[in-house]
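The lines below spell out each chain.
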Amino acid sequence: MSDQLSFDEQISRPALYWLLFTQAVLVLPHLDGLPLWLFGICGVCGGWRYLIYRQLLNYPSTISRTLIVVLGFAAIIAEYLGKFSLDPAVALLVLAFFLKILETKVKRDVYVVVCLGFFVVATRLLYSQTLYATIYALFCCMLLLVTLLSLHQTEATDYQSAFKRASLL
């Protein structure tokens, strides 16, 4: 079996850019409640995936991915030692949300990341149910829909039409 992906299976450049941008926007409200080192890992994962797309780095090996997951899990356990609350669960979800991007090769993988994104949006609403938080959550859901739309578009479209189409959905 060849390592080459068919054109239909590949992630387009706009879809990858939307996905990386959406991930960054979704995790911003969690800055006040999660440890800062976690956002460093998020940035490294996003940058690594961008460099993979630019063919400057390779996908991490199975051993590397396993090591990253174990170290991330151990760091979260050490950070929240003895605390059984919502924060460690949200930290694990955000970690998984960004680690999944490192193994995103085909469109099916983007679906998983987008579904995790909807859960990340929902977790922010567990902390704050203000009007602003709800509007921000709806905006994030729109971004996730635009990401899904960009995954299936064959021609380039502008941002305004992409948001219009997502709002209709």
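Residues numbered from 1 in each chain as written. Predicted model: local features only at pLDDT ≥ 70, side-chain atom pairs only at ≥ 80, totals over all residues. Heavy atoms only, no water.

Asker: So what's going on with the environment of Trp18? Residues and values would help.
Answerer: With respect to the helices and strands, Trp18 occurs in helix 1 (residues 13-27). Given a relative accessible area of 12%, Trp18 falls into the buried group. Spatially, the C-alpha atoms of Trp18 and Thr147 are 5.3 Å apart, while their sequence positions differ by 129 residues. (Helix = DSSP H or I, 4+ residues; strand = E, 2+ residues; numbered from the N terminus. Buried < 20%, exposed > 50% of the residue type's maximum accessible area, 1.4 Å probe, protein only.)

Asker: Give a detailed account of unusual backbone geometry, specifying residues and quantitative values.
Answerer: Although it is not a glycine, Gln55 sits at a positive phi angle of roughly 60°. Positionally, Gln55 belongs in the loop between helix 2 (36-53) and helix 3 (62-79).

Asker: I'd like to hear about the packing of helix 1 against helix 2, residue by residue, with values.
Answerer: The description of two packed helices rests on the angle between their axes and on the distance between the axes. Where helix 1 meets helix 2, the axes come as close as 11 Å, and the angle between the chain directions of the two elements is 175°. By the criterion of interaxial angle, the relationship of helix 1 to helix 2 is roughly antiparallel. Contact residues: helix 1 offers Arg13, Leu16, Tyr17, Leu20 and Val27, while helix 2 offers Phe39, Gly46, Arg49, Tyr50 and Tyr53. (Axes fitted to C-alpha atoms, helices over the stretch in contact; angles between N-to-C directions. Parallel < 35°, antiparallel > 145°, perpendicular 65-115°, else oblique. Contact = heavy atoms within 4.5 Å.)

Asker: Quick rundown of a nonpolar patch on the surface? Include the residues and the values.
Answerer: A cluster of nonpolar residues, Phe73, Ile77, Leu81 and Leu92, forms a patch on the protein surface that exposes about 380 Å² of accessible area. Position of Phe73 relative to the elements: it lies in helix 3. (Patch = residues over 30% accessible without salt bridge, like charges linked within 9 Å, V, L, I, M, F, W, Y side chains within 5 Å. Areas by Shrake-Rupley, 256 points an atom, 1.4 Å probe, with all protein chains shown as cover. Salt bridge = Lys/Arg side-chain N within 4 Å of Asp/Glu carboxyl O.)

Asker: Which residues make up the pattern of salt bridges, and what values do they have?
Answerer: For the coordinates displayed, the defined rule picks out three salt bridges. Residue Asp32 is joined to Arg124 by a salt bridge in which the shortest nitrogen-to-oxygen separation is 3.6 Å. Note that Asp32 is positioned in the loop between helix 1 and helix 2 and Arg124 in helix 5 (residues 107-127), a separation of 92 residues in sequence. Across the pair Lys100 and Glu103 runs a salt bridge, and its minimum N-O distance is 2.9 Å. Residue Glu103 is classed as partly exposed on the basis of its relative accessible area of 29%. Within the structure, one salt-bridge network assembled from shared partners comprises Arg65, Lys100 and Glu103.

Asker: Please set out helix 4 (residues 86-99) residue by residue, giving values where relevant.
Answerer: Because an α-helix completes one turn every 3.6 residues, residues spaced three or four positions apart along the sequence face the same direction. Given a rise of 1.5 Å per residue, 14 residues ought to cover 20 Å, and the 20 Å separating the end C-alpha atoms of helix 4 matches this to within 8%. Within helix 4, the full set of buried residues consists of Pro88, Val90, Ala91, Leu93, Val94, Leu95, Phe97, Phe98 and Leu99. Contacts from the buried residues of helix 4 go to helix 1, helix 2, helix 3 and helix 5. Its side-chain oxygen placed 3.5 Å from the backbone nitrogen of Asp87, Ser85 serves as the N-cap of helix 4. (Expected span 1.5 Å × (residues − 1). Polar contact = N/O pair within 3.5 Å; in protein donor to acceptor, adjacent residues only side chain to side chain.)

Asker: Summarise the side chain of Thr123; cite the residues concerned and give the values.
Answerer: When you line up the elements, Thr123 lands in helix 5. The residues contacting Thr123, other than those within four sequence positions of it, are His30, Val90 and Leu93.

Asker: Help me get a handle on the environment of Leu19, residues and values and all.
Answerer: For Leu19, the position within the fold is in helix 1. It is 8.7 Å that separates the C-alpha atoms of Leu19 and Leu143, two residues lying 124 residues apart in sequence.

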